[in-house]
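What follows is the residue order along each chain.
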Amino acid sequence: MYSPFLLKNMLIREILDNFKVEGEIVNYELINKGRINKTYKVTVLLDGITKYYILQRINTYVFKNPDIVMENIFNTTSFMRKKFTNPIDASKYVLHFKKTLDDKKYYKASNDMLYRLYRFVDNSVSYDSTDDLSIIYEAGKAFGNFQNLLSDFNIDNLYTTIEDFHNTIKRYEALKNATKFDIMNRKDECSSLINEYLSYEDYATSLYKMFLDGIIPMRVTHNDTKFNNVLFDLTTSKHLAVIDLDTIMPGLIQYDYGDGIRSISGEADSDYNQELHISIEKFDAFTKGFLEETKSSLSKKELETLALGAISVTIELGVRFLTDYLEGDKYFVTKTKKENFFRSKSQISLAKDMIKKYDLMQNIIKKYL
Ligand code: ADP
Ligand code: GN1
Ligand code: MG
């Protein structure tokens, strides 16, 4: 008899065997949070002891070269782990990936998909959004601390896993190309949104131009500092590890700070128009946590352009959602037909609210310097 449960169970068994994990699989559940990879929490029982793992299918449409992704992840996690003298702390604050029987960093399974396996961080939780300011403060601290842990990692030893990931200029070019080719015939319904994004092009690309002009530096950054990419301790609500490490590569700190700020405002899902706004209280809490960790290591120009980073990354993501909608939703996982369109629409509403509150944001940043 055909049983998808049994089939999935067999596949998970095959993968765990290859990662040298023994014991009975007592449960697995899909974690439906990310927009890129497919993530399962797997529970294994061995000699009366329950262990939890994260099993993740790598999205090879997004990550064309999984070898360099895993190379970066192993190199940076082992670098960070060495900074903790207490192994219990290391396992709370740094992800721990396993190797396969033949010493590989991912496993190509019988279904031809690529998987990686790593430890579930005990007693942890991630949130898509929250109104709890102390948790938002902790998220700021988590990303700031992550920056510190990698500040002395040699940038030349990092691979670029996605070329031009936060090159806002190229993101605009991609939108223009998608509009020109219009392969899904969706241009007309998007025309006013496309024009609205185009009207912000100079503003949104100004930060990346500062990098091209040598005014601001590249650092070792995370590049996907979305609020749900931080784990929190279920008991204390303090931050634990920063996760989702596929995009660690040379980048601008303003985008790391900025994407944290962007994502604490939530993100629209499904097919309806959802206006987003930036809560100044949340902005304050995240900024306080982030700057407590990083203010002494950032340059004056970097500090001056943090708020611009939040606005740029918000517009850039709106441009990416819109491009993906025009190209037929190949990149971001979507559940409904116009989801990328509505995500894009809500990103521009958020960016406009940030632009309105720019002076307020700058004052808060100054307060914490
Ligand atoms: P994606 O790239 O698709 O966003 P993530 O790596 O962010 O995937 O993982 C998706 C979700 O899985 C996270 O938001 C978190 O809830 C959970 N998760 C991932 N890794 C761990 C881990 N090591 N411990 C506990 N939960 C985790
Ligand atoms: C993706 O994987 P996830 O859901 O954390 C995307 C980010 C976007 C985010 C928007 C590799 O992040 O750049 O900001 O969706 N990651 C990649 O929700 O493209
Ligand atoms: Mg994620």
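Caption draft 1: Region of interest: the pairing of strand β1 (residues 24–31). One ladder, built from seven bridges, connects β1 with strand β2 (residues 38–46); its direction is antiparallel. Paired with Asn 27 across the two strands is Thr 43, which belongs to β2. Connecting β1 to the next strand, β2, in antiparallel fashion are six residues.

Caption draft 2: Molecular detail of the environment of Thr 221. Along the chain, the position of Thr 221 falls in strand β7 (residues 219–221). Sequence spacing of Thr 221 and Glu 281 is 60 residues, and the spatial spacing of their C-alpha atoms is 26 Å. Once residues lying within four places of it in the same chain are set aside, the contact partners of Thr 221 are Gln 147, Thr 247, Ile 248, Met 249, Pro 250, Gly 251, Leu 252, Ile 253 and Asp 256. Within polar-contact distance, the side chain of Thr 221 engages the backbone nitrogen of Gly 251 at 3.2 Å.

Caption draft 3: Fine view of unusual backbone geometry. Positive phi is not limited to glycine here, since Asp 103 has a value of about 65 degrees. Even without a glycine there, the phi angle at Asp 164 is positive, about 55 degrees. As for its placement among the helices and strands, Asp 164 is situated in the loop between α4 (133–149) and α5 (168–181). The exposure class of Asp 164 is partly exposed, given its relative accessible area of 28%.

Caption draft 4: Spotlight on the site of ligand 2. Around ligand 2 there are 16 residues in total, and Arg 35, Lys 226, Glu 267, Arg 320 and Tyr 331 lie nearest to it. In the model, an oxygen atom of ligand 2 is placed 2.9 Å from a nitrogen or oxygen of the Arg 35 main chain. Asn 229 has a polar side-chain atom sitting 3.0 Å from an oxygen atom of ligand 2. Protein chains bury 98% of the 440 Å² of accessible surface belonging to ligand 2 in isolation. Of the residues contributing to the shell around ligand 2, the split by class is six nonpolar, three polar and seven charged. Here the shell around ligand 2 spans two domains, since at least three of its residues come from each of domain 1 (4–122) and domain 2 (133–367).

Caption draft 5: Region of interest: the pattern of salt bridges. Following the criterion strictly, the structure yields 25 salt bridges and no others. In this structure, Lys 170 engages Asp 164 in a salt bridge whose closest nitrogen and oxygen atoms are separated by 3.1 Å. Ionic pairing is found between Asp 259 and Arg 262, a salt bridge with its closest N-O pair at 2.5 Å. On the criterion of helical spacing, the pair formed by Asp 259 and Arg 262 is a turn pair, its members being three residues apart in helix α8 (residues 253–263).

Caption draft 6: How the structure looks around the coordination of the magnesium ion (ligand 3). At the metal site, the magnesium ion (ligand 3) is ligated by Asn 229 (OD1) and Asp 244 (OD), and these contacts range over 2.2 Å. Taken as a pair, Asn 229 in the loop between β7 and β8 (230–233) and Asp 244 in the loop between β9 (239–242) and β10 (249–251) lie far apart in primary sequence, 15 residues in all. Judged by its relative accessible area of 5%, Asn 229 is buried. Looking at Asp 244, the relative accessible area reads 23%, which means it is partly exposed.

Caption draft 7: Just helix α12 (residues 339–356), in detail. Along its 18 residues, α12 runs 26 Å from first to last C-alpha, staying within 8% of the 26 Å computed at 1.5 Å per residue. Extensive coverage of α12 is indicated by the burial of 14 of its 18 residues.

Caption draft 8: Quick look at the site of ligand 1. Close to ligand 1 lie 21 residues; Asn 37, Val 121, Ser 126, Asn 229 and Asp 244 are nearest. Ser 126 is positioned with one of its side-chain polar atoms (N or O) 2.7 Å from an oxygen atom of ligand 1. The separation between an oxygen atom of ligand 1 and a polar side-chain atom of Asp 244 is 2.9 Å. Across the complex, the protein chains shield 96% of the 550 Å² of accessible surface that ligand 1 would expose by itself. Where the shell around ligand 1 is concerned, the elements lending two or more residues are β3 (49–57) and β5 (114–119). For the shell around ligand 1, a count of residues per class yields nine nonpolar, eight polar and four charged. Looking at the shell around ligand 1, you find at least three residues from each of domain 1 (4–122) and domain 2 (133–367).

Cut-offs applied
- Residues numbered from 1 in each chain as written.
- Chains lettered and ligands numbered in written order.
- Predicted model: local features only at pLDDT ≥ 70, side-chain atom pairs only at ≥ 80, totals over all residues.
- Heavy atoms only, no water.
- Pairing = 2+ DSSP bridges.
- Helix = DSSP H or I, 4+ residues; strand = E, 2+ residues; numbered from the N terminus.
- Contact = heavy atoms within 4.5 Å.
- Polar contact = N/O pair within 3.5 Å; in protein donor to acceptor, adjacent residues only side chain to side chain.
- Buried < 20%, exposed > 50% of the residue type's maximum accessible area, 1.4 Å probe, protein only.
- Near = heavy atom within 4 Å.
- Areas by Shrake-Rupley, 256 points an atom, 1.4 Å probe, with all protein chains shown as cover.
- Nonpolar A, V, L, I, M, F, W, Y, C, P; charged D, E, K, R; others polar.
- Domains from an automatic or database assignment.
- Salt bridge = Lys/Arg side-chain N within 4 Å of Asp/Glu carboxyl O.
- Donors = N, O, S within 2.8 Å, 3.2 Å for Na, K, Ca; no water.
- Expected span 1.5 Å × (residues − 1).

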